[in-house]
Amino acid sequence: MPDLSVNYAGLRLQHPIMAASAGITATVDRMRRAEEAGASAVSVKSLFENPIPRRGDPTPHMRVIRHGRDPRSFTLYSYEQAAHMDEEAYADLILRAKAALDIPVIANIDCASPEAWARYATLVEHAGADAIEVKSCPHGEHLMTGDELSGAVRTVKGLVSIPVIAKLPSQLTNPYQSALDIHAAGADALVMFNRLVGLEIDLDTLAPIMHGGFAGHGGPHSIYYRLRWIAQVFDEMHIPICGTGGVSTVADAAKYVLAGATCVQLATAAIVEGCGAFGRIRDELAEWMDRNEHQCLGDLRGVAAGRVLGLPDVSRQQTVRAAIDPDTCTRCGLCHRVCIYEGVDEPTPGTGEAYRTNDHCRGCGLCEQLCPVEAISLLPL
Ligand SMILES: Cc1cc2nc3c(=O)[nH]c(=O)nc-3n(C[C@H](O)[C@H](O)[C@H](O)COP(=O)(O)O)c2cc1C
């Protein structure tokens, strides 16, 4: 059995698959369900200083937007509001969660004023939270900058003795610099990144869908942006990084670790599949490591980050060229239509010949990917 345990900001986790802050962690029962299903820690649904999101959720507030038949091609578009409670009730929630759960319970707070950061942080620490996630809501009227988040981390860090974890928003001007600044402000770990907020429009009503406003969106596709920035900052970080966004398979979790994450948090997979997603991904991760003879998760952390090539180091030499198998080609002409390099010749009408690549082929690989009958391969030059 490979060793999946991780040290996350001083918290000893049995494995890296955590429950992200969302409705799935808004009550003690739901947090316990996540624990029983295999989550190694929970980040509790956010407490906001802003009273408007505490009023409750509009209905409906979740839409699964499918982008084809591939089950991984979807967006979870949602407008779920903050914890529906004030800070005293939230502190009580943390207290009860701590009494009911064996795994670490991480409070998640979102404030605008330094007074509220200080008050909420102190309250949740006294309630027994194992750590605090400091975050900025992507739905808010004011989108927090990296500097403001650094300031919040500094304020909270100066007041509490439990680990302070910064959850970065996706829409930072320079995520690399913000991560360095937040690290320097004293964060004990980074969560990268919260979701993006977008807009979906109904073409019948000509208006935004659901509640009529902007909404969070994410899905398996959202992993790439996060992997990139985690890999980019990994080398500079002396604190753990928790990846969040798009994890629904063991491959996703493994990629986060290879990019440099110590652990991952998931919400969407647990929402659309049920809490079983936590234990499933944990077990699949152990099997994957066993199968590939990886003994220890820590040995894999950041391996791919170390192999990312910088701009000057990427080879620009053409190494492959597309070749079309005339026996498999159905003459649909897609390769010819999509080739911007004019690297595919049309057959002479009436001859029954197949499409053929020519010397203009740049080996970009697009036709090989798009050919509906897999008649195209890339051959080394
Ligand atoms: C329905 C829903 C509600 C969420 N609510 C919160 C929240 O209150 N606080 C927060 O920090 N993140 C919140 N998130 C973001 C998640 O914690 C997580 O970072 C994000 O969804 C990316 O992971 P995923 O792709 O597994 O969903 C929410 C996400 C979803 C889908």
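Counting of residues starts from 1 at the beginning of each chain's written sequence and follows it residue by residue. In view of the model being predicted, local features appear only for residues whose pLDDT reaches at least 70, and side-chain atom pairs are presented and counted only at 80 or more, with totals across whole chains, interfaces and linings using the full set of residues. In computing side-chain properties, one takes all heavy atoms of the structure into account and sets aside hydrogens as well as water.

**Q** So what exactly am I meant to see when it comes to the site of the ligand here?
**A** Residues are labelled near a given molecule or strand when at least one of their non-hydrogen atoms is within 4 Å of it. Around the ligand, 21 residues are found, and the nearest of them are Ser21, Ser46, Lys167, Gly246 and Thr268. Contacts to the ligand include Lys167, whose side-chain N or O atom sits 2.8 Å from an oxygen atom. Here a polar contact means two N or O atoms within 3.5 Å. Within protein one must be a hydrogen donor candidate and the other an acceptor candidate, and residues neighboring in sequence count only if both atoms are side-chain atoms. Between the ligand and Thr244, the relevant distance is 3.1 Å, taken from an oxygen atom to a side-chain nitrogen or oxygen of the residue. Notes on the ligand: free accessible area 600 Å², of which the protein chains cover 96%. By the criteria applied, helices consist of DSSP H or I runs no shorter than four residues and strands consist of E runs no shorter than two, each listed in order from the N terminus. Counting residues per element, the ones that place at least two in the shell around the ligand are β7 (74–78) and α8 (268–273). Looking at the shell around the ligand, its residues break down into seven nonpolar, nine polar and five charged. Note on areas: Shrake-Rupley with a 1.4 Å probe; residue coverage comes only from the protein chains shown. Polarity classes work like this: nonpolar for Ala, Val, Leu, Ile, Met, Phe, Trp, Tyr, Cys and Pro, charged for Asp, Glu, Lys and Arg, and polar for all others, with Gly in that last group.

**Q** Can you walk me through the sheet that holds strand β12 (residues 196–198) in this structure?
**A** Within a sheet, each strand pairs with its neighbour through backbone hydrogen bonds, oriented either parallel or antiparallel. Here we have four strands laid out as an open sheet, ordered β6-β7-β15-β12, and antiparallel in their pairing. Each end of this open sheet is capped by a strand with a single partner; those strands are β6 (62–66) and β12. Across the sheet, the axes of successive neighbouring strands diverge by a mean angle of 35°, strand direction being ignored. When DSSP finds two or more bridges between two strands, those strands count as paired. Of the strand pairs in this sheet, β6 and β7 are connected by five bridges, and their pairing is antiparallel. In the sheet register, Met62 faces β7, and the bridge partner there is Ser78. Here an axis means a line fitted to C-alpha atoms, over the contact stretch when the element is a helix, while the angle between two N-to-C directions is reported on a 0 to 180 degree scale.

**Q** Honestly, a nonpolar patch on the surface in this entry has me stumped. Any pointers?
**A** Exposure above 30% relative accessible area and the lack of any salt bridge qualify a residue for a patch; like charges then connect within 9 Å, and the nonpolar side chains Val, Leu, Ile, Met, Phe, Trp and Tyr within 5 Å. Salt bridges are defined by distance alone: a side-chain nitrogen of Lys or Arg within 4 Å of a carboxyl oxygen of Asp or Glu. Together, Met62, Val64, Ile271 and Val272 line one region of the surface with nonpolar side chains, adding up to about 280 Å² of accessible area. Among the elements of the structure, β6 and α8 are those that each provide at least two residues to the nonpolar patch. In this structure, Val64 sits in strand β6.

**Q** How do you make sense of the domain arrangement of the protein when you look at a structure like this?
**A** Frequently, the measure chosen for interface size is the accessible area that the parts lose on association. Domain start and stop positions are those given by an automatic or database domain assignment. Structurally, the protein comprises domain 1 (6–307) and domain 2 (315–380). Taking only C-alpha atoms into account, the centre of domain 1 sits 44 Å from that of domain 2.

**Q** Looking at this structure, how should I read the packing of helix α5 (residues 175–184) against helix α6 (residues 223–234)?
**A** When two helices pack together, their arrangement is captured by the angle between the axes and the distance separating the axes. Close contact between α5 and α6 brings their axes to 10 Å; oriented N to C, the two are set at 55°. What the angle tells us is that α5 and α6 run oblique. The element α5 and its partner α6 pack so that their crossing is right-handed. Listed contacts from α6 to Pro175, Tyr176 and Ala179 of α5 are Tyr225, Trp229, Gln232 and Val233. Just so you know how the angles are binned, under 35 degrees is roughly parallel, over 145 roughly antiparallel, 65 to 115 roughly perpendicular, and the rest oblique. Each crossing gets its hand from how the near helix is turned against the far one by less than a right angle, where anticlockwise is left-handed and clockwise is right-handed. In what follows, residue pairs with any heavy atoms lying within 4.5 Å of each other are defined as contacts.

**Q** Sorry if this is basic, but what is going on with the packing of aromatic side chains here?
**A** Whether two aromatic rings pair depends on their centres lying within 6.5 Å, for rings of Phe, Tyr and Trp, where Trp uses its six-membered ring; planes under 30 degrees apart make the pair stacked, over 60 edge-to-face, and the rest tilted. Tallied over the entire structure, the rule returns one aromatic pair. When the centroid spacing of 5.3 Å and the interplanar angle of 50° are considered together, the rings of Phe193 and Tyr225 count as tilted. Placement of the pair is Phe193 in the loop between β11 (189–192) and β12 and Tyr225 in helix α6, with a sequence separation of 32 residues. Only when the NZ atom of a Lys or the CZ atom of an Arg is both within 6 Å of the ring centre and within 35 degrees of the ring normal do we say a charge sits over the ring. Looking at Arg228, its charged tip hangs above the ring of Trp229, at a distance of 3.7 Å from the centre.

**Q** Hey, could you run me through the pairing of strand β15 (residues 215–218) in this one?
**A** Summarising the sheet, β7 and β15 pair through three bridges and their orientation is antiparallel. The residue of β15 that forms the bridge with Tyr77 is His217. Inspection of the sheet shows β12 paired to β15 by three bridges, in the antiparallel sense. Among the inter-strand pairings, Leu196 is bridged to a residue of β15, identified as His217.

**Q** Just to check I follow, could you spell out the pattern of salt bridges for this structure?
**A** A side chain of one charge can pair with a side chain of the opposite charge when the charged atoms of the two come close. Scanning the model with the defined rule gives 13 salt bridges in all. For Asp252, the salt bridge is made with Arg72, and the minimal N-O distance between the two is 3.0 Å. Linking Asp252 in helix α7 (residues 250–259) with Arg72 in the loop between β6 and β7, this pair joins segments that are 180 residues apart in sequence. To sort residues, take the accessible area from a 1.4 Å probe on protein chains only and compare it with the maximum for the residue type: under 20% means buried, over 50% means exposed, and anything in between is partly exposed. Owing to a relative accessible area of 30%, Arg72 belongs among the partly exposed residues under this scheme. Between Asp110 and Lys135 there is a salt bridge; the shortest N-O distance is 3.2 Å. Here Asp110 is found in strand β8 (residues 105–110), whereas its partner Lys135 is found in strand β9 (residues 131–135), with 25 residues between them in sequence. Accessibility assignment for this pair places Asp110 and Lys135 in one class, buried.

**Q** Just to check I follow, could you spell out the pairing of β7 for this structure?
**A** Consecutive residues of a regular strand have side chains that alternate between opposite faces of the sheet. Taking burial as the measure, the five residues of β7 include five buried ones, the bulk of the element. On β7, burial covers both faces: Phe74, Leu76 and Ser78 on one face and Thr75 and Tyr77 on the other are all buried.

**Q** Explanation requested: the side chain of Glu133 in the structure shown.
**A** Turning to its location among the elements, Glu133 is positioned in strand β9. The charge count treats Lys and Arg as positive and Asp and Glu as negative. His and the chain ends do not count. Among buried Asp, Glu, Lys and Arg side chains, Glu133 stands out as unpaired, with Lys167 the closest opposite charge at 4.5 Å. Polar side-chain contacts of Glu133 include one of 3.0 Å to the side chain of Ser43. A distance of 2.9 Å separates a polar atom in the side chain of Glu133 from a polar atom in the side chain of Asn108. Setting aside chain neighbours within four positions, we find Glu133 in contact with Ser43, Ile106, Ala107, Asn108, Ile109, Ile165, Lys167, Val191 and Gln265.

**Q** Even after reading the chapter, I still don't get helix α1 (residues 28–37), so can you show me in this structure?
**A** Since the α-helix turns once every 3.6 residues, residues separated by three or four places project in the same direction. Along α1, the residues classified as buried are Val28, Met31, Ala34 and Glu35. Seen from one end, α1 has its buried residues packed into an arc of 120°, which puts them on one side. In the core, the buried residues of α1 are packed alongside β3 (17–19), β4 (42–43), α2 (87–100) and α9 (276–291). Positioned one or two residues after α1, Gly38 has a phi angle of 120°, which is positive. Directions from the helix axis toward the C-beta atoms define the arc.

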